[in-house]
Amino acid sequence: MASGDVIHAPAIAPENLPYAAALTASGRISRAIPPGVAYTFDENPPFAERDLIALDDALSEATRATKVRFNTYIGDATDPAAATDAVFPQTPEAARSVLIAVYPNQRSIQIRSGVDVADRVTDRVAQLGVTAAVASFGQGQLLDGLVSAVRVIANAIVAP
């Protein structure tokens, strides 16, 4: 039997990551890509790498802890409620997920839950998430608000 050192190196060096991508602590690459767009950001990513990592970690931890798939969406719409209703069915695992959709220009946050988790992601739980997000949004911290909402909703859901 051979012995030796195990070398843990990321599959891609952080300096070679594409724009709007972050290497998470687990070695996974997290990227921000506009919905329906097949390309990534060419020059300026919309968020700092540390913010993307924090959001990715919060989404992963919440999904693992609750067995509910957490999704976020940031957009612009004339009617945020209708836009969220249109986006939600297209999210991964919609029936067993929760979507936190934020429309900064309209000062709106919408939360939807799938039919399989509606008894766990109640209106009260969704309101807790909104309340957690609004404080950060008021300070101009969009991703901090999303992270707060994800964590508060996950904590309010009773894991199966």
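Just so you know, these numbers come straight off a predicted model, no measurement behind them. (Residues numbered from 1 in each chain as written. Predicted model: local features only at pLDDT ≥ 70, side-chain atom pairs only at ≥ 80, totals over all residues. Heavy atoms only, no water.)

*Asks:* Just give me the short version of the overall build of the chain, but keep the residues and values in it.
*Replies:* Within the chain, the secondary structure is distributed over four helices and five strands. Written out in order from the N terminus, the α and β elements of the chain read β-β-α-β-α-β-β-α-α. Per-residue burial for the chain yields a buried fraction of 40% across its 160 residues. Taking the contacts inside the chain whose residues are at least 6 apart along the sequence as the reference set, 54% of them involve residues at least 24 apart. Total accessible area on the chain is roughly 9600 Å²; 52% of this is exposed by carbon and sulfur atoms. (Helix = DSSP H or I, 4+ residues; strand = E, 2+ residues; numbered from the N terminus. Buried < 20%, exposed > 50% of the residue type's maximum accessible area, 1.4 Å probe, protein only. Contact = heavy atoms within 4.5 Å. Areas by Shrake-Rupley, 256 points an atom, 1.4 Å probe, with all protein chains shown as cover.)

*Asks:* Can you explain the nonpolar core? Please cite residues and give values.
*Replies:* By size, the foremost hydrophobic cluster in this structure holds 29 residues, and its most contacted members are Phe70, Ile100, Ile111, Val150, Ile153 and Ile157. Elements that contribute at least two residues to this core include exactly helix H1 (49-66), strand S4 (97-103), strand S5 (108-113), helix H3 (123-138) and helix H4 (142-156). The greatest single-element share of this core, amounting to eight residues, is contributed by H4. Membership of the second largest hydrophobic core comes to nine residues, among which are Tyr73, Ala83, Val87 and Leu99. (Core = buried A, V, L, I, M, F, W, Y, C linked by side-chain atoms within 4.5 Å.)

*Asks:* Please set out the layout of surface pockets residue by residue, giving values where relevant.
*Replies:* The computed volume of the second largest pocket comes to approximately 280 Å³. If you trace the second largest pocket, you find it lined by Val102, Tyr103, Pro104, Arg107, Ser108, Ile109, Val134, Phe137, Gly138, Gly140 and Leu142. With three residues, H3 is the single largest residue contributor to the lining of the second largest pocket. Its residues assigned to classes, the lining of the second largest pocket shows seven nonpolar, three polar and one charged. (1 Å grid on protein atoms, 1.4 Å probe; cavity = no way out; pocket = protein on both sides within 12 Å on 5 of 7 lines; lining within 4 Å. Points joined across faces, edges and corners; volume = space filled by probe spheres on them. Nonpolar A, V, L, I, M, F, W, Y, C, P; charged D, E, K, R; others polar.)

*Asks:* Explain the environment of Val115 to me, using residue names and the numbers behind them.
*Replies:* By the element assignment, Val115 lies in the loop between S5 and H3. Separated by 18 residues in sequence, Val115 and Ser97 place their C-alpha atoms 8.5 Å apart.

*Asks:* So what about the confidence of the model for the chain? Which residues, and what values?
*Replies:* Residue-level pLDDT values for the chain average 82, and 73% of them are 70 or greater. Mean pLDDT in the chain bottoms out at strand S2 (residues 29-31), which sits at 67, and peaks at S5, which reaches 95. The model gives residues 1-9 a pLDDT under 50, and that stretch makes zero contacts with residues more than four places away or in other chains. (pLDDT = per-residue confidence, 0-100.)

*Asks:* Go over the pairing of strand S3 (residues 69-74), please, and point to the residues and values.
*Replies:* In this structure, S3 lies alongside S4, joined through six bridges in parallel fashion. Bridge pairing links Tyr73 to Ala101 in S4. Assessed by its sense of winding, the connection that carries the chain from S3 through helix H2 (residues 80-87) to S4 is right-handed. (Pairing = 2+ DSSP bridges. Right-handed = clockwise from strand over helix to strand, strands pointing away.)

*Asks:* Can you break down the sheet that holds S3 residue by residue, with the values?
*Replies:* Pairing in this open sheet of three strands is mixed, and the strands run S3-S4-S5 from one edge to the other. If you trace the sheet from one side to the other, it starts and ends with S3 and S5, each paired once. The average undirected angle you get between the axes of adjacent strands in this sheet is 15 degrees. Contacts from H2 reach S3, S4 and S5, with the element oriented near 35 degrees to S5. (Axes fitted to C-alpha atoms, helices over the stretch in contact; angles between N-to-C directions.)

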